[in-house]
Amino acid sequence: MEMTTLEMEDGAVTALDEAECTQSSSISSKEATVDKEKDLENGDDSHDTNEKLGWILIAFLLVCDIIGSGVLSMPNAAATLGWFPFFFVNTVCVIIACCSGYLLWKLRQALRQTADVHSYPQAMKVIFGDKARMYANANVYPVLFLYVAAFCYTQGSSWYEIFKDESSLPLNFWLLVAGLVSILVIQYRSFEQMALVSTISLVLIMIPIFISFAVIAEQVTDTVNYPVGPRVLFGSAPFDESIVATMDIVYSYSGAVVFFEIMSNMLEVKHFMRALVVSQGSSYVVYCMTGGVVYGLAGDAVWLVSPYIGSLKPGSGKTVAEVMVIMHVALGVIVFANVLIQGVQKWLEPFVKRLIHGKLEDGKRHPVARLTDSSWTARGWWFLWSSSTVLLATLLNIVIPSFQVLLGLIASLISSQTTMIWPGVLDLGHNSIRKKFRKQHILAITLIVLGSAILVLGLYGNVTNIIKGD
């Protein structure tokens, strides 16, 4: 049957897609309008403040979202797994990441007829109702907070490692420094500013990677102090170590938790898949190159540690590489932190303004400053929420010695849901399999099964590490 093409502001959808969207969505066009008006009344003005970035800038933003400090664990993952499993797991992960993004993109495009979905919680509400939105909120924002805490801890511990021989300053001091640096970085709050910062962040991670290649190639010539380990097709590490190495790769491709926010700030959402494939493909190349080159040079060497930059012999090359990695981590926090602080601001700012200024005459909540608002008042509110959030994360890093263990455990439970399980569940909830079976359902079910398996394996790996005391 031939389908009529309807023009939309960011592309074309078919009349069949429009009909299916109207039937399968849990809200009608009228309800979506009311829901949108309620969001605006509640201080959520993201419907009207979306930035319009081209897909190239979005690709840089996505790469920054994906490539964090995980790239530094790739050589150890390769040494543990061996050549074939290392490349195989990376290949499967990049395919899964693209498929998850595809399902979320298709969902957002379909729901544009009835709702402007700009976050995971809102998508859950549209498909499954308010309880599902509450569940999503209880997962999304805690995991974003944990990501921010992890970035701050990695940055602070890296500073400590650099200066511990020359300075008596404790780790807690450097964790506080990392928190203050992160607060300054997060003041770049619009998506356009974040995209530009992301570009700098990518440069800052690529340079030390190439520096490390040169340093390792030189130091392995010293066979006495830096002997080369075995290089095998399949690793022979114990099962639990192999699981941990595999999970290190899997979690390095997480990032779907903020895909809706990123899509909401695109000039043409129809080009999201172009940006996603470019960003995921670039991340895949960087991960495979880093793990493959270092493993090819050093093998499963006894002196190889994770993050592998710490394996470099002392010298100017190692110092420069470590400083640039720290700068990359400091800038890399910007995407997760920005989305997290937007949520904090939307929840708390109207309440605080009401305490200060009283109720508005019309009874509505006080509005939240737009991200594109460059006034000092708007910047002041953003600084309040960003500094409070980051300092809380820093405080937890300092006060709770085992916080990083707890962080890894919780993050593994949640990120497997947001990366694989939720995209599949949302697709099945929107396109009911009882009404009509589609090939897309096979993809959704596959993601749910894989995500559930990874959730269990990730939990096993983290519990094993806790028992061992790693």
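Residues numbered from 1 in each chain as written. Predicted model: local features only at pLDDT ≥ 70, side-chain atom pairs only at ≥ 80, totals over all residues. Heavy atoms only, no water.

Some details on the overall build of the protein chain
Then step 1. Of the regular secondary structure elements, the protein chain holds 17 helices and two strands.
Then step 2. Expressed as a percentage of the 470 residues in the protein chain, the buried residues total 53%.
Then step 3. Long-range pairs, those at least 24 residues apart, make up 82% of the contacts in the protein chain between residues at least 6 apart in sequence.
Then step 4. Taken as a whole, the protein chain presents about 20,800 Å² of accessible surface, with 65% of it coming from carbon and sulfur. (Helix = DSSP H or I, 4+ residues; strand = E, 2+ residues; numbered from the N terminus. Buried < 20%, exposed > 50% of the residue type's maximum accessible area, 1.4 Å probe, protein only. Contact = heavy atoms within 4.5 Å. Areas by Shrake-Rupley, 256 points an atom, 1.4 Å probe, with all protein chains shown as cover.)

A short note on helix α12 (residues 272–298)
Then step 1. With 27 residues, α12 extends 39 Å from end C-alpha to end C-alpha; this agrees with the ideal 39 Å at 1.5 Å per step.
Then step 2. Just past α12, the residue Gly299 takes up positive phi, approximately 65°. (Expected span 1.5 Å × (residues − 1).)

Observations regarding the packing of aromatic side chains
Then step 1. On inspection of all chains with the given rule, the structure shows 22 aromatic pairs.
Then step 2. Put simply, the rings of Trp83, Phe86, Phe87 and Tyr295 touch in pairs and so form one group of aromatic residues. (Phe/Tyr/Trp six-rings, centres within 6.5 Å; stacked < 30°, edge-to-face > 60°.)

Some words on the environment of Ser252
Then step 1. Looking at the secondary structure, you find Ser252 in the loop between α10 (239–251) and α11 (259–263).
Then step 2. The spacing of Ser252 and Tyr287 is 35 residues in sequence and 8.9 Å in space, taken between C-alpha atoms.
Then step 3. When near neighbours in sequence (up to four residues on either side) are disregarded, Ser252 contacts Ile66, Gly70, Met74 and Tyr287.

Let's talk about the state of the cysteines
Then step 1. All chains considered together, the criterion is met by zero disulfides.
Then step 2. Here Cys99 stays unpaired: no disulfide links it, and the sulfur of Cys98, its closest cysteine neighbor, is 7.0 Å away. (Disulfide = S-S within 2.5 Å.)

Re the confidence of the model for the protein chain
Then step 1. Per-residue pLDDT for the protein chain has a mean of 82; in total, 85% of the residues score no lower than 70.
Then step 2. For the stretch residues 1–49, pLDDT sits under 50, and the model shows 82 contacts to residues farther than four places along the chain or on other chains. (pLDDT = per-residue confidence, 0-100.)

Remarks on a nonpolar patch on the surface
Then step 1. Taken together, Phe84, Phe88, Val92, Leu233 and Phe234 make up a surface patch of nonpolar side chains, about 500 Å² in accessible area.
Then step 2. Inspection of the secondary structure puts Phe88 in helix α5 (residues 83–111).
Then step 3. The partly exposed category is assigned to Phe88, whose relative accessible area is 47%. (Patch = residues over 30% accessible without salt bridge, like charges linked within 9 Å, V, L, I, M, F, W, Y side chains within 5 Å. Salt bridge = Lys/Arg side-chain N within 4 Å of Asp/Glu carboxyl O.)

Observations regarding the pattern of salt bridges
Then step 1. Going through the model one piece at a time under the given rule, you end up with four salt bridges.
Then step 2. One salt bridge in this structure joins Lys313 and Glu218, with 3.3 Å as the shortest N-O distance. Taken together, the residues span a long stretch of sequence, with Lys313 in the loop between α12 and α13 (316–332) and Glu218 in helix α9 (residues 191–219) at a distance of 95 residues.
Then step 3. On the accessibility criterion, Glu218 (48% relative accessible area) is partly exposed.

Considerations on the nonpolar core
Then step 1. Core analysis: the biggest nonpolar cluster contains 119 residues, and Leu144, Ile249, Phe272 and Tyr308 have the highest contact counts within it.
Then step 2. It is helix α7 (residues 130–163) that contributes the most residues to this core, 12 residues altogether.
Then step 3. Beyond its immediate sequence surroundings of up to four residues, Phe272 is in contact with Leu62, Gly101, Trp105, Phe259, Met263 and Met266. (Core = buried A, V, L, I, M, F, W, Y, C linked by side-chain atoms within 4.5 Å.)

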